[in-house]
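# Architecture at a glance
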Amino acid sequence: ALLLTEIKPGNVFYDIGSCIGLYALHVALIGAKVYAFEPDPGFRKRLKNNIKINRLSGQIKVIEWAVSNSNDRVVLYTDGIGGNSPSLVALTQRGSVQVETRTIDTGIAKGELIPPDIIKMDIEGSEILALQGMQCLLASNNAPHSIYLELHPAMLAQMNSSVDDCLSLI
């Protein structure tokens with residue numbers, strides 16, 4: 001509810017870890033331009049269907065790569081749409097899929113992304129990687145005025161990081 005009070009028509013919103021689009025859809029209905037980042041193929045399929053059902057294709061752009069600190073390919077651990085949230089951290093026996101990673105800074109530099117006014121990020125322990133990959137954005141005059149960040153301390157530890165490390169990058 002707090003996030004939605006900040007959204008204004010015309011804002012640019014990054015939904016990093018969009019899942020099936022809970023935030024993306026509501027924000028688009030207010031009139032913002034949404035970039036919905038979802039690398040998991042199962043969740044992404046449902047996200048695209050939800051966008052279509054709600055007739056929001058013109059306002060939500062689905063980004064298929066995982067936000068990270070490098071432009072690479074990595075393993076995304078996932079149980080699909082019926083299981084736990086996908087993650088770059090392997091905490092339990094799970095399935096996996098290869099996904100592309102990119103940095104936010106690269107996407108902006110190449111003109112593929114417009115700098116955001118607001119970011120929502122929930123990426124199951126990979127927050128440190130995403131923040132490292134947007135340091136140019138965060139240090140620029142185009143830095144977002146708000147970041148809603150869900151942190152996962154146990155998963156961050158698996159990435160040799162911490163909540164304090166994430167907060168220091170912001």
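In what follows, the accompanying structure is described. (Residues numbered from 1 in each chain as written. Predicted model: local features only at pLDDT ≥ 70, side-chain atom pairs only at ≥ 80, totals over all residues. Heavy atoms only, no water.)

## Focus: the pairing of strand S2 (residues 33–37)
Most of S2 sits out of view: four of its five residues are buried. For the segment spanning strand S1 (residues 12–16), helix H2 (residues 22–30) and S2, crossover handedness is right-handed. Strand direction decides the pairing type here: S2 and strand S3 (residues 60–63), joined by four bridges, are parallel. Note that in S3 the partner of valine 34 across the bridge is isoleucine 60. The parallel pair S2 and S3 is bridged by helix H3 (residues 41–53), and the resulting crossover is right-handed. (Buried < 20%, exposed > 50% of the residue type's maximum accessible area, 1.4 Å probe, protein only. Helix = DSSP H or I, 4+ residues; strand = E, 2+ residues; numbered from the N terminus. Right-handed = clockwise from strand over helix to strand, strands pointing away. Pairing = 2+ DSSP bridges.)

## Brief notes about the side chain of serine 68
Within the secondary structure, serine 68 is located in the loop between strand S4 (66–67) and strand S5 (72–78). At a separation of 3.3 Å, a polar atom in the side chain of serine 68 contacts the side chain of asparagine 69. Every residue in contact with serine 68, bar those within four places of it in the chain, is listed here: Thr101, Arg102, Thr103, Leu129, Ala130 and Gly133. (Polar contact = N/O pair within 3.5 Å; in protein donor to acceptor, adjacent residues only side chain to side chain. Contact = heavy atoms within 4.5 Å.)

## Digging into the sheet that holds S2
Strand order in the open sheet formed by five strands is S3-S2-S1-S7-S8, and the pairing between neighbours is parallel. Sheet topology places S3 and strand S8 (146–149) at the edges, where each strand pairs with a single neighbour. Put simply, the sheet's adjacent strands are angled 15° from each other on average, direction ignored. Alignment of strand S7 (residues 118–121) against S8, held across four bridges, turns out to be parallel. Counted as the bridge partner of methionine 121 is leucine 149 from S8. In the packing of H3 onto the sheet, the strands contacted are S2 and S3, and the crossing angle to S3 comes to about 170°. (Axes fitted to C-alpha atoms, helices over the stretch in contact; angles between N-to-C directions.)

## A few points about H3
With 13 residues, H3 extends 18 Å between its outermost C-alpha atoms, agreeing within 8% with the 18 Å of an ideal straight helix rising 1.5 Å per residue. Where the residues of H3 are buried, they touch H2, S2 and S3. You can read the cap of H3 off the contacts: a side-chain oxygen lies 3.0 Å from the backbone nitrogen of glycine 42, and it is on aspartate 40. Of the residues one or two after H3, arginine 55 is the one with positive phi, at around 55°. (Expected span 1.5 Å × (residues − 1).)

Spatial relationships are all this shows, so hold off on functional conclusions.
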